[in-house]
Structure formats: structure tokens, C-alpha cells
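Working through the structure, step by step
Each chain, written out:
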Protein chains: 2
Amino acid sequence: MQIEPGKLLAQINSPADMKSLDAVQLVKLSDELRQYIVDVVSVYGGHFGASLGVVELTVALHHVFNTPEDQLVWDVGHQAYGHKILTGRRDQFHTNRFYNGLSGFPKRKESEYDAFGVGHSSTSISAALGMAEASRHKNEKQKQHIAVIGDGAMTGGMAFEAMNHAGVSKSNLLIILNDNCMSIDPNVGALRDYLTDITTSKTYNKMRDEVWNILGKISKFGPNAQEIGSKVESSVKSFLLKQSNLFESLNLRYFGPIDGHDVNHLVSVLNDLKDIPGPKILHCLTKKGKGYSLAEKDQTKWHAPGTFDKFTGEIHKKVYETPQPPKYQEVFGHTIVELAEKNHKIMGITPAMPSGSSLNIMMKVMPDRAYDVGIAEQHAVTFSAGLATQGLVPFCNIYSTFMQRAYDQVIHDVAIQNLNVVFCLDRAGFAGADGPTHHGNYDISFFRCIPNMVVSAPMNEAELRNLMYTAQLPDQGPFSIRYPRGNGVMPDWKTPFEEIKIGTGRKLKEGDALAFLTLGHVGNYATEAGEKLQKEGLDVAHYDMRFAKPLDESMLHDVFHNYKYVITVEDGCLQGGFGSAILEFMADHGYQSKVVRLGIPDEVVEHGTQMELHKECGFDPDGLYQAAKKLLVLQTI
Amino acid sequence: MQIEPGKLLAQINSPADMKSLDAVQLVKLSDELRQYIVDVVSVYGGHFGASLGVVELTVALHHVFNTPEDQLVWDVGHQAYGHKILTGRRDQFHTNRFYNGLSGFPKRKESEYDAFGVGHSSTSISAALGMAEASRHKNEKQKQHIAVIGDGAMTGGMAFEAMNHAGVSKSNLLIILNDNCMSIDPNVGALRDYLTDITTSKTYNKMRDEVWNILGKISKFGPNAQEIGSKVESSVKSFLLKQSNLFESLNLRYFGPIDGHDVNHLVSVLNDLKDIPGPKILHCLTKKGKGYSLAEKDQTKWHAPGTFDKFTGEIHKKVYETPQPPKYQEVFGHTIVELAEKNHKIMGITPAMPSGSSLNIMMKVMPDRAYDVGIAEQHAVTFSAGLATQGLVPFCNIYSTFMQRAYDQVIHDVAIQNLNVVFCLDRAGFAGADGPTHHGNYDISFFRCIPNMVVSAPMNEAELRNLMYTAQLPDQGPFSIRYPRGNGVMPDWKTPFEEIKIGTGRKLKEGDALAFLTLGHVGNYATEAGEKLQKEGLDVAHYDMRFAKPLDESMLHDVFHNYKYVITVEDGCLQGGFGSAILEFMADHGYQSKVVRLGIPDEVVEHGTQMELHKECGFDPDGLYQAAKKLLVLQTI
Ligand SMILES: [Mg+2]
Ligand SMILES: [Mg+2]
């Protein structure tokens with residue numbers, strides 16, 4: 001389906017075409033850009049609200065700045081759809097987030113306008129400051145460096161680290177704080193309150209009341225008192241707005257807040273700021289979902305709604321005749337509540353992903369026991385460690401890819417102290433359309449090398465529930481459970497809890513010469529491949545190992561006594577992963593079977609559906625089937 | 001050598017013994033505690049300046065609070081010597097940092113007074129907030145939770161993440177900001193300037209000037225103007241101190257700054273604060289090295305000076321008759337300058353470790369090209385990525401253990417974008433006396449699974465220089481070089497540069513049935529073991545592989561064609577490390593040699609000298625010798 005851009009937008013093939021637009025045209029372009037985003041996303045899906053919120057900002061930035069010479073860094077980047085459309089990618093934009101199509105995030109390989117690849121939050125100030133310092137080093141004085149960062153991303157610690165450095169640098173850096181009071185879910189924390197406070201001038205109002213209060217008391221000083229007060233007040237006001245500002249505290253010149261939906265005002269402010277050297281911050285107020293009223297009203301729902309009818313706002317949902325398996329995240333969300341009802345030590349923690357992790361279910365029914373700590377993975381983990389020191393059992397739910405942010409905290413604060421923190425790693429393995437920045441490919445390797453850490457992965461919903469049940473039993477130490485994005489395999493998933501002894505696998509099928517050893521959801525692929533092989537008269541064994549650490553050594557002794565050929569399967573990187581754990585076991589015990597390891601190769605795999613990527617890497621059901629056939633042929637030679 | 005505590009200190013066997021001390025006694029105890037630290041550290045070594053700086057604070061805290069019931073968390077923890085001495089560990093304190101002795105940091109296993117194990121910076125607020133929320137959950141209303149954090153640690157992003165959460169919590173949390181303007185080196189960044197600013201009341205002074213300026217202009221209003229102004233001023237003052245405060249911005253009640261060396265004032269303030277509910281921060285001004293004048297004057301040198309004559313201040317240095325090998329860090333420090341003189345694209349980055357990494361050498365001669373970004377590993381890496389996007393070649397020097405803090409940034413900002421950032425991982429492998437929080441055990445595993453990343457380790461100084469030379473050649477992509485704490489092996493280390501082709505090892509010795517494959521400095525142990533075996537007529541081959549990734553596949557084909565027995569050796573964890581890389585190669589190519597992997601086992605190994613720990617784990621020279629003998633015996637069976 002070909003989607004037509006508006007007349008003016010149709011003529012914009014690069015930002016060069018925007019330079020001469022007048023005030024009226026800039027408004028028109030903004031409207032057409034917004035419409036085009038609605039038109040495309042409603043049909044093809046993708047992130048929605050964030051890009052609508054920065055339409056005017058995007059137009060103003062490319063009108064004022066000399067991109068791509070000037071370096072424009074979008075934090076997180078799911079708000080950069082307008083940027084992509086204006087920078088030569090309008091006609092491919094319908095391929096956004098599809099296999100072999102455009103990336104859903106800025107990406108250096110894709111365009112010279114994408115100054116820095118993003119996906120994770122809070123990186124933009126560091127990156128732009130690096131660029132700005134490089135320009136200082138190269139004496140490129142005219143070059144501008146802009147980081148556009150949301151209020152949610154600003155709570156991530158590295159943004160603060162970067163501002164601490166920026167404040168003492170002399171480089172030409174403009175930070176644009178895109179303040180919409182939202183992350184994916186409503187933004188949380190003291191910074192949010194503070195931004196609201198300066199936005200609504202509460203600080204100034206409090207000051208004024210204070211002054212007038214004093215002046216009231218001193219009215220005995222005569223009629224001049226009020227006039228003096230008024231003078232003092234206006235002086236105090238301008239002073240206060242500077243000095244009482246958190247960003248000014250960090251030596252960043254602060255401007256704003258201004259209306260982020262007034263494109264012409266933005267243009268004039270940005271033009272002014274271009275001439276002010278040094279590090280500075282412009283506070284823009286925007287509305288997530290701006291211009292699409294349903295999205296303005298329910299911003300979390302419309303963060304990435306899937307496809308929808310743009311006129312009625314009806315979000316398209318597949319209708320099934322039979323009950324479907326739930327998402328793994330939903331199983332987590334309901335199960336933690338069930339467990340927490342019985343075990344009063346259980347607490348829930350998410351860094352800014354209440355809806356993404358489904359911890360919002362617990363937050364609703366047990367608000368005092370479930371925390372959204374903001375985009376703050378490091379804090380989330382050490383906060384959990386603190387809870388655990390007092391005998392509680394925190395379930396800290398972090399996407400596999402974001403767990404990379406808290407790696408040190410897992411080692412230093414949890415594992416070395418052997419504390420009972422349960423890590424639920426959602427979106428483990430390929431994340432799908434979000435692509436390489438979001439793939440959870442590395443966690444088996446980076447967790448397996450940590451002492452005391454249990455590394456587990458359920459093959460289905462019942463197993464996830466049982467692993468969660470097991471993890472909250474007394475004194476289990478650091479315990480990780482990884483599960484994929486998307487749906488499980490059991491429509492009837494609400495099974496009774498059963499303890500799983502740590503480090504035990506399941507034998508699912510006997511076989512002749514060859515065995516599949518699987519970890520996690522890919523076990524279902526082995527089942528499928530095994531059935532197909534069975535039809536050809538080939539008996540292939542299947543063990544769902546459940547744990548990459550500790551390994552089920554007794555089961556593995558059986559396996560290597562009985563099978564000459566072994567195929568390990570994991571939705572994770574092959575370097576140091578589950579398959580390597582098996583090789584280590586073999587080496588340590590002198591086994592010599594032929595082992596083929598299937599999983600994610602040592603390269604940056606791009607975006608696509610999860611199944612497309614599993615296929616690309618050869619561990620979809622057919623990949624397993626083929627690998628088995630190839631080995632079994634070897635046997636007959 | 002028995003060191004006698006002062007008379008009062010000798011009676012303090014736990015904080016219970018301090019409760020009834022009067023004001024005079026508290027001063028006396030502080031003096032004796034300081035003296036005891038000087039006496040012990042001068043003889044036995046350890047961290048010095050930090051603990052001297054918090055003597056009065058330590059005494060006041062244990063006098064006022066009900067430890068260990070109240071939870072006292074020391075950030076970083078190298079300042080907790082006084083805490084250890086007062087909490088029942090006085091008579092073991094001379095074993096501090098020795099093998100099987102006390103840990104140099106608070107450690108939960110060691111004492112119930114050590115509420116949270118530390119070592120890395122900036123964790124204390126998160127941990128204490130977790131404890132405080134646990135107390136809320138358990139309805140333990142009297143319980144106090146205190147985090148003592150330095151101004152340097154405050155720049156670490158996770159401290160900000162924690163404050164963002166603390167500011168909206170209702171929990172009973174006291175943050176004590178121990179502000180001495182120092183990390184190990186002088187503290188840097190905008191926050192430092194800000195703290196100085198509020199300490200010296202510059203903000204308030206500016207405000208006052210502003211008000212008087214206005215009042216001057218309005219003196220025509222008559223004699224009352226000054227009086228009105230004065231009233232307004234005092235009102236403005238108290239308001240401003242609250243509102244213009246960065247911490248108050250985050251909704252933490254701010255108190256101070258107060259003199260951190262006035263023990264009785266501290267006692268009275270802490271007693272007052274006990275009764276104020278909610279999150280709050282007390283700003284204490286202290287001097288690192290307080291009370292030992294040389295340490296006050298050169299705080300970096302006296303951070304951890306080794307042993308010294310406490311009267312003359314002469315630091316004991318071993319005197320050698322022949323030239324000794326340099327520290328690896330010094331080789332790095334000098335070599336980067338040599339390379340940067342020729343290659344103008346090279347920049348240097350350290351997060352708060354200029355003296356620890358020896359980047360201070362470059363900072364001195366090329367101040368515009370070498371950055372200390374503060375305790376901010378995440379920012380350091382992404383800032384480096386930003387520099388690299390502009391064609392520069394940043395050398396980002398981070399201790400292996402602290403690289404854990406920036407793991408996501410390495411993957412997300414450097415590796416996925418394949419940027420030319422060189423990571424120099426100092427203190428890789430066992431860190432020695434600093435113990436498990438500082439051991440750099442995991443980097444081979446956690447870097448090896450990252451696409452595009454080169455993982456290398458030099459066996460000696462010349463190799464380090466050549467790897468650094470190689471890394472700065474054009475388009476090398478992400479390149480990591482790990483090297484150990486301490487000295488190398490080449491007194492004559494300033495060798496000419498030679499490119500090392502990426503992914504090539506060195507054959508150092510031919511042999512018969514068995515080969516050592518080593519990575520990094522442990523290659524020297526293999527040389528030693530090989531010589532000993534040679535004397536017994538046993539010819540053992542030795543390959544210095546140099547790269548854990550990419551592997552020298554051609555060399556490995558040779559090895560596995562020729563050697564039935566292989567011993568891999570690494571100063572790193574065995575799970576997923578260098579040895580596992582070799583196993584993966586074997587599995588992928590169908591080799592069946594018997595492989596023994598030597599390295600760090602999957603457990604928390606405590607502190608000791610590096611050689612003590614290498615021996616404990618069986619990869620000291622004798623361990624290699626024994627492992628080889630054992631395998632060679634197998635052969636003869
Ligand atoms: Mg936002
Ligand atoms: Mg300090």
C-alpha cells in the first residue's frame with residue numbers, strides 16, 4: 001500500500017530543501033509530517049506517540065542546523081521517525097522495522113544524518129559531548145552538537161555523569177530536554193517532580209510569597225515598602241530562575257521552558273542558541289502523541305500500538321477462535337502476584353518498564369511492594385540487593401539487553417554477597433523488530449561467568465512459573481530466569497507450582513545416536529524437529545536442560561555415555577554461552593562426542609521478526625532438523 | 001609487631017562501649033583512633049588518607065546510632081578502617097588486606113556491623129534506600145539507614161539514579177555527603193564546582209549582592225530602605241539555601257555544610273537528624289588525610305602510600321641494585337604519549353584514575369587530549385564513542401573490574417557501531433589485596449561474547465607496547481588490551497614498535513606431546529614451568545596466543561594436529577574464558593585432544609597477593625608444572 005505524503009513534504013528530499021521555508025510553510029510541513037507518521041504507522045506499525053511529540057522540534061532542528069555537518073543525536077531514538085522521513089528516507093519509511101527494511105532507531109550505517117546509533121536510553125549527552133570535544137580538538141568552531149533527550153532518559157545515571165563533565169567543558173553542546181512527563185509509562189522520581197515544579201514556576205511563586213510575606217510584616221515602614229518589595233522581587237526572580245536551577249547548578253546555561261509545539265518559536269530560539277558558545281540546555285515542553293487525540297489521552301497504550309484504523313483509533317487485534325498462549329511477560333506478571341500473596345517477603349522492581357514487564361499487575365494490587373524506579377537499571381539492582389540484605393526476596397525484572405546496564409551491580413552488589421535477588425530477564429534472545437540494540441543475545445555468557453549465579457531458562461509457561469516458584473524458596477542466592485519476548489506455547493498456562501531442583505534438566509525424548517540439548521524456549525523447536533525426524537524413522541533424543549548453570553551433571557554423564565552426536569541449541573550468542581558450558585563439561589570429564597552448537601553467531605544481527613532471525617541463524621525448527629540430518633548422515637558414512 | 005591502642009580506644013570493644021562517652025572523651029577517642037590508624041597503616045600498609053578524614057564522623061556515627069541494628073553503609077569503603085577498629089576488629093586490624101586477614105573494605109561475611117559489602121563507588125544510596133524500604137515494609141519505624149558517600153562517588157550516575165528514587169520515597173534515609181574535594185585524585189566536574197560554591201556560600205553572596213544592588217538604587221525611598229532590605233535579605237537567605245540547592249531540587253532535605261572534624265557538633269547534628277523522618281542529606285566538610293600533615297598536603301600520594309616511617313613520613317621503597325621492570329600501567333602511560341605524539345587522532349580518557357592508570361603522564365604533557373571525566377565509567381565509554389565517530393582514536397583506560405560498570409556502553413555504543421575505541425583494561429585478573437570486589441576476573445568472558453571486539457592480552461611490556469601500536473592503526477574497530485596490576489618482566493622495556501597482526505599468536509617453544517596455550521602475563525609462568533620440565537628432560541611446547549578473539553586459527557590447527565595434550569592458562573575466570581574459546585575451536589573443527597584449563601574457578605576468591613591467589617587457583621608456575629606432569633604421566637599409562 002503506497003502512502004502519499006502531503007504536497008510540501010513530498011518535496012523535501014533532504015534538509016537542504018527545508019532551509020528556505022517560511023513560517024507558514026514550517027507549520028504546514030509539521031502538519032504534513034505528523035499526518036504522514038500517522039498514515040504510515042497506522043498501517044505498518046511501530047513506535048507512535050514519541051515521534052508525534054517531536055514533530056515541530058524535528059522540523060525546527062533540520063531547518064536551523066546544518067545537518068549532517070552539525071551532529072544531531074537523538075536519545076533512545078524511537079522518536080526519530082520524523083527525522084528519518086525528512087532526511088531522505090521518506091519513500092522507504094514503510095519498511096521501518098521490517099526484515100531488511102529501515103531500522104526503527106537512528107543507525108550510522110543507514111544514513112549520514114544518523115550521527116549516533118541509539119536504542120538504549122541516556123547516551124546522547126555523552127556521545128554529543130564526545131563529538132563536540134572532537135570538534136574543539138580539530139578546531140571546527142562552527143560545528144554544532146545537539147543531544148535531544150527525554151525527561152525519562154534524563155533519570156538514567158549516565159546522563160548525569162555526562163552533564164557533570166559537560167558543565168566544566170568549553171565545548172559547543174546544546175542539550176534539548178524534551179519534557180513530556182513520560183517514559184513508556186508515566187515518568188517517575190524526584191527529577192520529574194522538579195521539572196514540573198520549574199515548569200509551573202512553583203519555585204518562583206514560593207519565593208514571591210515569601211517576599212510579600214516579609215513585606216507585609218514590614219508595612220510599618222510606610223508606603224514605599226511595597227514598591228521596594230516589587231523591585232527586590234523582580235531582581236530576585238531573574239536571579240532565582242538561574243540560581244535555583246538544577247542544571248545551572250551543574251554549570252549548564254538553562255533556557256526555557258518553551259512550547260515544543262510552536263515550530264516558529266523553536267526556530268527563533270534555536271537560532272539564538274546557535275550563537276551562544278559553551279554547554280547549554282533548552283527545556284522544551286511537549287506532549288507525547290501530540291495531534292492524535294487518543295494517543296494524547298492514553299500515552300502508554302499508544303507508545304507502540306501496532307497497526308490501527310487511523311480514523312476510528314481502533315487498534316487491530318488478531319481474533320482467534322481458540323484460546324491462545326499468553327505472553328511470557330504476562331505469565332511473569334500474574335505469577336509474581338500469586339507468589340507474593342503467599343510469600344510476604346517478595347517485592348517487585350522494574351526500571352521504567354511496568355507495562356513492558358507486566359509488573360504493573362503487581363503495582364496495581366500491591367502498590368507498596370512493587371517499585372518502578374525510573375530508567376535506572378543500576379539503582380534497580382543495588383536497591384534490590386539492599387532489600388535482600390533485610391531478608392526480603394526481590395524479583396528484579398529487567399530486559400536482557402538492559403541488564404547490560406547493571407552488570408557491575410549484579411556482580412559487585414548481589415553475586416559476591418550471595419544475596420537472594422531474582423533476576424527475571426525478559427526479551428532474552430532476539431528481540432525482533434527493535435533490532436541489534438535491543439537483542440538480548442549476551443546474557444547467558446555474561447551471567448554464566450558470575451560466581452553464585454543460577455542461570456536458568458524455561459521452555460514454556462509452566463516451567464517459567466515453576467522456576468519463579470523455586471527462586472523464591474529460602475536461601476536460593478542470586479537466581480536468573482531468562483525468557484523471550486512474545487508468546488509462549490501453553491494456552492492453558494496456569495499450572496500448579498512445583499519446585500524444580502536447581503541444576504536439573506528434563507529428559508523429553510529418548511533417541512538413538514543423537515541428542516538435542518536445549519535451553520529455554522528453543523526446546524519447542526527441538527520438539528518440532530524431533531517429530532519431523534521421527535516421521536522419517538529417525539529417533540532423536542531431547543533434553544531440556546533448563547539450567548546453563550549449574551549444569552545437570554548427572555544427566556550430562558548419561559547423555560555423553562549414550563550419544564555420539566549432540567546438538568546444543570540456545571537463543572543466545574555462541575561465544576561462552578550454553579553450548580560452551582557443555583563443552584567445558586566435556587573437557588573436564590574427558591568426553592569426546594561430536595557437538596554442534598546452534599545459536600547466535602558472533603556478529604551484529606539486524607532486525608526482523610524473531611522467527612526470521614532464528615531462521616537466519618539456523619536455529620529455527622527447520623535449522624535443527626537440517627543440523628540433525630547432517631550429523632546423522634555423518635554417522636552412516 | 002604488636003601495636004598498642006590508646007587507653008580509651010583499648011576499652012572500646014564494640015560501639016556499645018561508646019554510648020556513654022562524654023564530649024571530652026569523644027575528642028580523645030577520635031585522637032586515639034586516628035593515631036591507631038597511623039600506627040597500623042605505617043607498618044602494615046593499606047588505604048590511609050580516606051580513613052583519617054572520617055575519624056570524627058565514624059566516632060560520632062557509632063556514638064549516636066544503634067549499630068548494627070541501624071544500617072550503616074560506607075560508600076567505596078576504603079575509608080572504613082576506623083569503623084572496623086571500633087566494631088570489634090581492633091586486635092585483628094593488623095591483618096587488614098593480608099591473605100586470610102581482614103578485608104580492606106566492609107564485608108557482610110566479616111561483621112554484622114558491615115551492613116553492605118562495598119569496594120566500587122556510588123552504591124551506598126541505592127543499598128541504604130533498599131534497606132530503608134525494607135524497614136518500611138516490615139514496619140520497623142525506629143530503624144535508621146545511613147549512607148556515607150564521598151563527593152567523588154556522588155558523580156557516579158547510579159548515585160543520581162538513587163537520589164531520584166529517594167526523593168520520592170518516604171523512607172528513613174540519611175545520606176552523609178563526605179565532601180573532601182577528592183577522589184583518589186582531585187575530584188573533577190561541575191558537581192565539584194557546585195559543592196565548592198555552596199560550601200563557600202557563593203550563591204548566597206551573589207544573591208546578597210544582587211539585593212543590595214537593588215536597594216542601593218532605591219535608597220531614594222528613604223532611611224527605611226536599608227532596614228527593609230535587611231529583612232528581605234534574611235528571608236531570602238533561608239529560602240535560597242533551600243531552594244537553590246541541587247539536593248533540595250531532588251526533594252532531599254539538605255543540611256549543612258558542617259565541619260566534619262568537630263566530633264561533638266557532629267553528634268548533636270546527627271541526634272537532631274535522627275528525629276527528622278524522610279530522606280535527607282547532611283553535607284560534611286572533611287579533609288582527606290586529616291591530622292597527618294604530609295597526607296593533608298599531598299592527598300593523592302597518601303591515598304594508599306604503602307608502609308612508611310610515621311615520624312619522618314618517609315615512604316618505604318625497596319631499593320634494587322639492578323634496574324627493575326616497570327609497572328604495566330607505567331608502560332601504558334608512557335607509550336600512549338609516544339604514540340599520541342605521532343598520531344594526532346589519539347585521545348586519552350580515564351574515569352577518575354589518572355594516577356592509577358598513569359594517564360596523568362599524558363594529562364601533563366597533552367592536557368587538551370587527555371580527559372579525567374570523574375567516577376563515570378559509563379560516560380567515559382560513550383564519550384569515547386562520540387570522539388571515535390569524528391575520526392579520533394580514543395584510548396579509554398578502565399580497570400577490568402570497573403569496566404563492568406560500562407558494559408552496556410561497550411556493546412551498545414562502541415561494538416554494535418564498530419567504532420575505533422581502544423579499551424585498556426588495567427588490573428585484569430586478580431587485583432591482589434583489594435580482594436573480590438576489585439578482581440578483574442570476568443572481562444575475557446564478558447568481552448569475548450561481544451561482536452566486533454578484539455580481545456588481547458600482552459605477555460610482557462614489549463607486547464603491550466606493540467598491541468597499543470597495533471590498536472591505533474587505521475580502522476581497527478573496538479580493540480581491548482588487558483594487563484595485570486603491578487610489574488612486568490622487562491627492565492629494558494622501551495622497545496621499538498612493531499605491528500602485531502590481529503589474531504596471531506607466538507610460538508615460544510617446541511615440545512613433544514604437550515603444549516601450553518597461554519593468554520597474557522601467565523605466559524611467563526609457562527616459560528618458568530617449561531624450563532623446569534626441560535631440566536627433567538620433558539619437552540613441553542608453549543604458545544603465547546595473545547588474542548582470545550579472534551583466535552589464531554592457523555596456529556591452533558598446528559597445535560591440535562601435533563599435541564595430544566593441551567593446557568590452557570589464563571588469569572581470568574574459566575567459565576566462557578580463553579580456555580573455553582579453545583574448546584569452541586576444537587568442537588567446531590572436530591579436534592579431540594585432552595585439554596586442561598587453568599584459571600580462576602567459579603567462586604568468590606578472597607584477597608591476598610596476586611601470587612598467593614594464582615597459587616591458590618593452581619596457575620602459578622608450580623601449578624603449571626604440576627598440571628603438565630600429571631598429564632604427561634597419563635600419556636605413559
Ligand atoms: Mg519523556
Ligand atoms: Mg572525596
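As named in an unreviewed UniProt entry, chain A is 1-deoxy-D-xylulose-5-phosphate synthase, taken from Reichenbachiella carrageenanivorans. Regarding chain A, the UniProt comment filed under Catalytic activity (unreviewed entry) reads as follows: "D-glyceraldehyde 3-phosphate + pyruvate + H(+) = 1-deoxy-D-xylulose 5-phosphate + CO2". Within the UniProt record for chain A, the comment given under Pathway (unreviewed entry) is "Metabolic intermediate biosynthesis; 1-deoxy-D-xylulose 5-phosphate biosynthesis; 1-deoxy-D-xylulose 5-phosphate from D-glyceraldehyde 3-phosphate and pyruvate: step 1/1."

It is worth spelling out the pairing of strand E8 (residues 393-397) of chain B at this point. Residue and element names in this part refer to chain B. By the criterion of burial, E8 is predominantly enclosed, with five of the five residues buried. Residue alternation in E8 divides its side chains into two sets, Val393, Phe395 and Asn397 and Pro394 and Cys396, and both sets are buried. Across four bridges, strand E6 (residues 346-350) lies against E8 in parallel orientation. Bridged to Gly348 within E8 is Phe395. Bridge count for E8 against strand E9 (residues 422-425) is three bridges, and the pairing is parallel. Each bridged residue has a counterpart across the sheet, and for Phe395 the counterpart in E9 is Val422.

The subject of this paragraph is the coordination of the magnesium ion (ligand 2). Octahedral six-donor coordination of a metal ideally yields angles of 90 or 180 degrees, compared with 109.5 degrees for tetrahedral four-donor coordination. Residue and element names in this part refer to chain B. Coordination of the magnesium ion (ligand 2) by the protein is provided by Asp151 (OD), Asn180 (OD1) and Met182 (O), with metal-donor distances spanning 2.0 to 2.2 Å. Counting residues between consecutive donors of the magnesium ion (ligand 2) along the chain gives the motif D-x28-N-x1-M. Here Asn180 lies in the loop between strand E3 (173-179) and helix H7 (190-199) and Asp151 lies in the loop between strand E2 (145-150) and helix H6 (157-166), a separation of 29 residues in the sequence. Residue Asn180 is classed as buried on the basis of its relative accessible area, which comes to 14%.

Turning our attention to unusual backbone geometry. The step from Gly256(B) to Pro257(B) runs through a cis peptide bond, and the omega angle for that step is -5°. Examined against the element boundaries, Pro257(B) turns out to sit in strand E4 (residues 253-259). Notably, Ser122(A) is not glycine yet its phi reads approximately 75°, a positive angle. Tracing the chain through its elements places Ser122(A) in the loop between helix H5 (81-89) and helix H6 (124-137). The residue Cys181(A) is not glycine, and still its phi comes out positive at about 65°. Locating Cys181(A) in the fold gives a position in the loop between strand E3 (173-179) and helix H8 (190-199).

With that settled, the discussion passes to the nonpolar core. Counting residues in hydrophobic clusters, the biggest one holds 190 residues, and the most contacted among them are Met154(A), Phe423(A), Phe447(A), Met154(B), Phe423(B) and Phe447(B). Leave out the neighbours within four places in its chain, and Met154(A) touches Ile125(A), Ile149(A), Ala159(A), Met163(A), Ile175(A), Leu177(A), Leu191(A), Phe247(A), Ile281(A) and Phe160(B). In terms of nonpolar packing, the next biggest core, distinct from the first, is built from 52 residues, Val40(B), Val267(B), Tyr292(B) and Phe308(B) among them.

Procedures and definitions
Residues numbered from 1 in each chain as written. Chains lettered and ligands numbered in written order. Predicted model: local features only at pLDDT ≥ 70, side-chain atom pairs only at ≥ 80, totals over all residues. Heavy atoms only, no water. UniProt positions renumbered as here; feature names shortened; annotations may be inferred. Buried < 20%, exposed > 50% of the residue type's maximum accessible area, 1.4 Å probe, protein only. Helix = DSSP H or I, 4+ residues; strand = E, 2+ residues; numbered from the N terminus. Pairing = 2+ DSSP bridges. Donors = N, O, S within 2.8 Å, 3.2 Å for Na, K, Ca; no water. Core = buried A, V, L, I, M, F, W, Y, C linked by side-chain atoms within 4.5 Å. Contact = heavy atoms within 4.5 Å.

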